[in-house]
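# Summary of the model geometry
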Amino acid sequence: MTERVYDGTGVEPPDGRDPQRWLALSIIAVAQLMIVLDASIVNIALPKAQADLDISVADRQWVVTAYTLAFGGLLLLGGRIADFVGRKRAFVGGLLGFALASALGGLAPNASLLFAARALQGAFAAVLAPASLSLITVTFTESKERARAFGVYGAIAGGGAAIGLILGGVLTEFASWRWCLLVNIPIAVLTAAAALPIVRESRAEGKARYDIPGTITVTAGLVSLVYGFTKAAEDGWSSPVTLGFLSAAVALLVAFVVIEARSAAPLLPLRVAWERNRGASFISSLLIGGGLFAMFLFLTYYFQASLGYSALRTGFAFLPFSGGIIVSAGIASQLLPRTGPKIPMVGGTVLSAVGLLYLTRIGLDTGYVSHVLPGELLISIGLGLVFVPMSSLALIGVEPHDAGVASALVNATQQVGGSLGTALLNTVFATAVTNYLVKHGPGPDSQAQAQISGYTTAFVWGAVMILIALVTIVVLVRAGKEDVPAEGMPVHAG
């Protein structure tokens, strides 16, 4: 797949270096910041949105999973669209589409439209994110400059979550939860306007081929699986409706594998996932994503519904989590060339699982510093140790033409894992609450304690997911420090 890069006049610069490349990077970084902000900012707003739109406990997870399912399920296709349509065109279109979806969500009069808007946000993010990475790759052609550019990009990704926590708290508390979505509109529109004269266009040469059957089956299968988990919370695991959706999910996902094995231009070349080290990276990303996203959901409700925290105070309560990931990711970057990926990944998953189990000590009268902060720090430090080698592991032994898919698949599996984990653990939560109330009877005190029982049960099962990831890493990872790619930077999907 060959590349063409164009400046604003359609003439390729003779030295291949864009004189406005650092200004272009700042524009791309703002788009990445918006995507990262959206994930954390909506979490803080979720309790208020649920109350305002009368969303049920079983359905509240769709505010998270509609976005992550669309994002993760369409990410590989989005990378191919950006490659062949043009990365700048996809970048600008993704921004404007994200703004439109944010407007629909911010103005949504009911839960159904909010869920649909979140899915639409995820779909446009699935085009915008790989377009952003691709633009950095083609804009910075010198290796040292490219490394610096990806360093800025990574810092935005790490720090943006923390900014989103605070901004979400401020907007929810002093304006409305709706502004946590509406704030994307001016950011996206202004960024798109700035990109038009600054960012250079580039696209892959050759015939564009998109795996539409694969995209439809995997997306429908994942939606059916999440919906099956949701129905289990309402009707029980043995309900015909629940079993019907779960069976349909299995059939669709099997069909996806068959399609990918036979397709001339598969969305997911199976050879990328079959190698044991890369397979361990993708499986652990799926499982850890599930535990991580669910932890944010339940801690948010614990802070606001059980402890009575304001939205702003909730944002500050999560800040140590972002700080822990940033610090430990730096440590992992230093360890990786010396130890290889397995040691930090094993240590990180153990710390994260212990942190989740520590959170099971929470109660209605327990303190933040004594019962939440240590768990947050353990989880975040552990995740930072896992994420860096996980991304590197995904690129071990991969062919150059598959590197984009392998790199994007880490992000996609984390998003899909977050969708499945949030839906499954939300069902676990609802079941635990119901069982507690059946055993102890109704009443305000029982209701409050039932919520705690739900949170702690979900944390236990989140820890189980992390421990399954640990077993996967121990059994499958064989790569040593000599196998780590020299450049573990992100690579676009396509």
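All residue numbers here refer to positions counted from 1 along the written sequence of the relevant chain. Two thresholds apply to this predicted model, a pLDDT of at least 70 for residue-level local features and 80 or more for giving and counting side-chain atom pairs, whereas whole-chain, interface and lining totals are computed over all residues. Based on all heavy atoms of the structure, the side-chain values leave hydrogens and waters out of the count.

## Considering the confidence of the model for the protein
Across the protein, the average pLDDT comes to 85, with 90% of residues at 70 or higher. The predictor's confidence in any single residue is recorded as pLDDT, a number from 0 to 100. Should any heavy atoms of two residues lie within 4.5 Å, those residues are counted as being in contact. Low pLDDT, under 50, characterises residues 487-494; the stretch is placed with 39 contacts to residues that sit more than four places away or in other chains.

## Considering the packing of helix α3 (residues 87-106) against helix α4 (residues 111-139)
In this analysis, axes come from line fits to C-alpha atoms, helices being fitted only over the stretch in contact, and the angle between any two N-to-C directions falls in the range 0 to 180 degrees. Segments assigned H or I by DSSP are reported as helices when at least four residues long, segments assigned E as strands when at least two residues long, and all are numbered from the N terminus. Relative to each other, α3 and α4 sit at 155°, their axes nearing to 8 Å. Of the possible angle classes, the one that applies to α3 and α4 is roughly antiparallel. In the crossing of α3 with α4, the sense of the turn from one axis to the other is left-handed. Residues of the contact of α3 with α4, tallied by class, amount to 17 nonpolar, eight polar and two charged. When describing relative orientation, an angle under 35 degrees is termed roughly parallel and one over 145 degrees roughly antiparallel, while 65 to 115 degrees is termed roughly perpendicular and anything else oblique. By definition, any crossing whose near helix is turned counterclockwise from its far helix by less than a right angle is left-handed, and any crossing with a clockwise turn is right-handed. For this scheme, ten residues count as nonpolar: Ala, Val, Leu, Ile, Met, Phe, Trp, Tyr, Cys and Pro. Four count as charged, namely Asp, Glu, Lys and Arg, and the remainder, Gly too, count as polar.

## Side note on the pattern of salt bridges
Any Lys or Arg side-chain nitrogen located within 4 Å of an Asp or Glu carboxyl oxygen qualifies as a salt bridge. In the structure shown here, the tally under the stated rule is five salt bridges. For the salt bridge of Asp52 with Arg178, the shortest nitrogen-to-oxygen distance reads 3.8 Å. Placement of Asp52 in helix α1 (residues 21-53) and of Arg178 in the loop between α5 (143-174) and α6 (179-182) is noted, with a sequence separation of 126 residues between them. The class of Asp52 is partly exposed, set by a relative accessible area of 46%. Ionic pairing is found between Lys231 and Glu234, a salt bridge with its closest N-O pair at 3.0 Å. One end of the pair, Lys231, and the other, Glu234, are both in helix α8 (residues 212-235), three residues apart, so they sit about a helical turn from each other. Exposure is judged per residue with a 1.4 Å probe applied to protein chains only, and the accessible area is read against the type maximum: over 50% gives exposed, under 20% gives buried, and values in between give partly exposed. With relative accessibility at 15%, the residue Lys231 sits in the buried group. A residue is classified by how much of its surface remains accessible, and Glu234, at 38% relative accessible area, is partly exposed. One salt-bridge network, in which partners are shared between bridges, spans Lys231, Glu234 and Asp235.

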